[in-house]
Amino acid sequence: MPKPEKHVFICVQNRGPGHPRGSCTQSGATEIWEEFAYAFQQRNLNGRFALSNTGCLGPCNGPHVLVYPEGVMYAKVTKDDVAAIVDEHLLGDKPVARLQLPPEIW
């Protein structure tokens, strides 16, 4: 497999109900993961871009999506935001500013 242009990491950490830090899974990360996987399949993006699920990425106000090589971290991502990340960031090379974590956090 050739080196992907970008690599998308989706936090699917699950700490269980009542944990003081919460978790991305409890905030809807599974739905985000499924929407990215569906978008990659429907738009034939596998290979050009990589998609991985991961444990905790650090900040706890997720769901979080991290895109490399830029190192752009998105927070509070919803299923409806996935198309914007794919279209604007992955395909258009312009990060989605409204979803980015502020610089003092990431």
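For the structure, check the block above.
Residues numbered from 1 in each chain as written. Predicted model: local features only at pLDDT ≥ 70, side-chain atom pairs only at ≥ 80, totals over all residues. Heavy atoms only, no water.

Participant: Got a minute to help me understand the pattern of salt bridges in this structure?
Facilitator: Two side chains carrying opposite charge are able to pair once their charged atoms lie near each other. If you walk through the whole model with that rule in mind, you get six salt bridges. Its salt-bridge partner being Glu35, residue Lys79 comes within 4.0 Å of it at the nearest N-O pair. Taken together, the residues span a long stretch of sequence, with Lys79 in the loop between strand S4 (72-74) and helix H2 (82-91) and Glu35 in helix H1 (residues 29-42) at a distance of 44 residues. When its relative accessible area of 24% is taken as the criterion, Glu35 is described as partly exposed. Where Asp87 meets Arg43, a salt bridge forms, and the shortest distance between an N and an O atom there is 2.5 Å. Of the two residues, Asp87 sits in helix H2 while Arg43 sits in the loop between H1 and strand S2 (49-54), which places them 44 residues apart along the sequence. Residue classification places Asp87 among the partly exposed residues on the basis of a relative accessible area of 36%. Connected through salt bridges with shared partners, the residues Lys6, Glu70 and Asp93 form a single ionic network. (Salt bridge = Lys/Arg side-chain N within 4 Å of Asp/Glu carboxyl O. Helix = DSSP H or I, 4+ residues; strand = E, 2+ residues; numbered from the N terminus. Buried < 20%, exposed > 50% of the residue type's maximum accessible area, 1.4 Å probe, protein only.)

Participant: I keep staring at the pairing of strand S3 (residues 65-68) and nothing clicks. Help me out?
Facilitator: On a regular strand, each side chain points to the face opposite its neighbour's, so the side chains alternate between the two faces of the sheet. Where strand S1 (residues 6-11) meets S3, four bridges bridge the pair, whose relative direction is antiparallel. Pairing of Val8 across the sheet is with Val67, part of S3. Here S3 runs beside S4; their pairing, made up of three bridges, is antiparallel. Across the sheet, the residue bridging to Leu66 is Met73, located in S4. A loop of three residues connects S3 with S4, the two strands running antiparallel in sequence, and Gly71 in this loop sits at a positive phi of about 75 degrees. (Pairing = 2+ DSSP bridges.)

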